[in-house]
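Take a look at the letters that make up each chain.
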Amino acid sequence: MTRDGLLQAVIDAAQADARVIGLFLSGSLATGRADAYSDIDLVLVADAGAHTAFVDQARTWVAALAELVLWKRTYPTWPLFNAVTAEWLRLDLTVTVPERLAGSKASLKPLLDDQGLYDALPANLPLRDVDP
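Note that the structure is a prediction, hence the values are computed from the model and not measured. Counting restarts for each chain, with residues numbered from 1 along the sequence as it is written. Local features in this predicted model are restricted to residues whose pLDDT is 70 or higher, and side-chain atom pairs enter the listing and the counts only when it is 80 or higher, whereas totals over whole chains, interfaces and linings include all residues. Based on all heavy atoms of the structure, the side-chain values leave hydrogens and waters out of the count.

Asker: Describe a nonpolar patch on the surface, listing the residues and the values that go with them.
Answerer: A surface patch of nonpolar side chains, amounting to about 340 Å² of accessible area, comprises Val69, Leu70 and Trp88. Helix and strand definitions here come from DSSP, where helices need a minimum of 4 consecutive H or I residues and strands a minimum of 2 consecutive E residues; each element is numbered from the N-terminal end. Of note, valine 69 is situated in strand 3 (residues 68-75). The exposure class assigned to valine 69 is partly exposed, which follows from its relative accessible area of 46%. Patch definition: residues with relative accessible area over 30% and no salt bridge; like charges joined within 9 Å; nonpolar side chains (Val, Leu, Ile, Met, Phe, Trp, Tyr) joined within 5 Å. Surface accessibility in these figures is a Shrake-Rupley result with a 1.4 Å probe; residues are shielded only by whichever protein chains are displayed. Salt bridges are defined as contacts in which a side-chain nitrogen from Lys or Arg sits within 4 Å of a carboxyl oxygen from Asp or Glu. Accessibility here uses a 1.4 Å probe with only protein chains present; expressed as a share of the type maximum, an area under 20% marks a residue as buried, one over 50% as exposed, and anything in between as partly exposed.

Have a look at this one:
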């Protein structure tokens, strides 16, 4: 399987899962800065009533698409998962709900968005003050 093949498998699975109401590409693939070694960064928006169950089943959901050799929840309190497939494809998956969708039109690319979540995002996020 290729990176594009894995991405298409995720899109197809999201479209077939009634709990998924949005799927957005983020990171270098979304902003056009990807190279041959870039991973797939995704933000999956689950229905609020199904969020906890989806988070609990996320590994099984992704493993149905590709054989996993690594699955890690990056932060105990935040549903961000890192996966590596047997083909050494890398996938980062954040699972959120509509009210917590963060980002901008410049940083996210909609792959599935039947509820128009993308339309409510700002064009860009304000720059943060950084102490030198």
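Asker: Quick rundown of the nonpolar core? Include the residues and the values.
Answerer: If you look at the biggest cluster of nonpolar residues, it comprises 31 residues, and the most contacted ones within it are Leu23, Leu42, Leu44, Trp61 and Val95. When residues of this core are traced back to their parent elements, those giving at least two are helix 1 (3-16), strand 1 (20-26), strand 2 (40-46), helix 3 (51-63), strand 3, strand 4 (78-85) and strand 5 (90-96). A contact between two residues is defined here by any heavy atoms of the two lying within 4.5 Å. The residues contacting valine 95, other than those within four sequence positions of it, are Leu44, Ala46, His51, Phe54, Val55, Pro79 and Phe81. Ranked by size, the runner-up nonpolar core spans nine residues in total, among them Val43, Leu101, Leu108 and Leu117. Grouping buried Ala, Val, Leu, Ile, Met, Phe, Trp, Tyr and Cys residues that are joined through side-chain atoms within 4.5 Å yields what is termed a nonpolar core.

Asker: Outline the side chain of histidine 51, listing residues and values.
Answerer: With respect to the secondary-structure elements, histidine 51 resides in helix 3. The class for histidine 51 is buried, based on a relative accessible area of 18%. Those residues in contact with histidine 51 that lie beyond four places of it in its chain are Ala46, Pro79, Val95, Thr96 and Val97.

Asker: Any chance you could break down the pairing of strand 2 for me, citing the residues and the numbers?
Answerer: Burial runs high along strand 2: seven of the seven residues are buried. Residues of strand 2 alternate between two faces, with Ile40, Leu42, Leu44 and Ala46 on one and Asp41, Val43 and Val45 on the opposite face, all of them buried. Pairs of strands are assigned from DSSP output, requiring at least two bridges between the strands. Bridge analysis of strand 1 against strand 2 gives six bridges, and the strand direction is antiparallel. Looking at strand 2, one finds that serine 26 is bridged to aspartate 41. Pairing of strand 2 with strand 5 involves six bridges; the strand directions are parallel. From the neighbouring strand, valine 43 faces strand 5, where its bridge partner is threonine 94.

Asker: Explain the side chain of threonine 96 residue by residue, including any values.
Answerer: Structurally, the position occupied by threonine 96 is in strand 5. In this view, threonine 96 contacts Val43, Leu44, Val45, Ala46, His51 and Leu101; residues no more than four positions away in its chain are not counted.

Asker: Which residues make up helix 3, and what are the values?
Answerer: The periodicity of an α-helix, 3.6 residues per turn, causes residues three or four places apart in sequence to face the same way. Expected span of a helix: the number of residues minus one, times 1.5 Å. Over its 13 residues, helix 3 runs 18 Å from end to end, which matches the ideal 18 Å to within 8%, given 1.5 Å per residue. The angle separating two fitted axes, one through the seven residues that finish at a residue and one through the seven that start at it, defines the bend at that residue. Of all the bends in helix 3, the greatest, near 60°, is centred on glutamine 57. Here helix 3 has its buried residues at His51, Phe54, Val55, Ala58, Trp61 and Val62. The secondary structure elements touched by the buried residues of helix 3 are helix 1, strand 1, strand 2, strand 3, strand 4 and strand 5.

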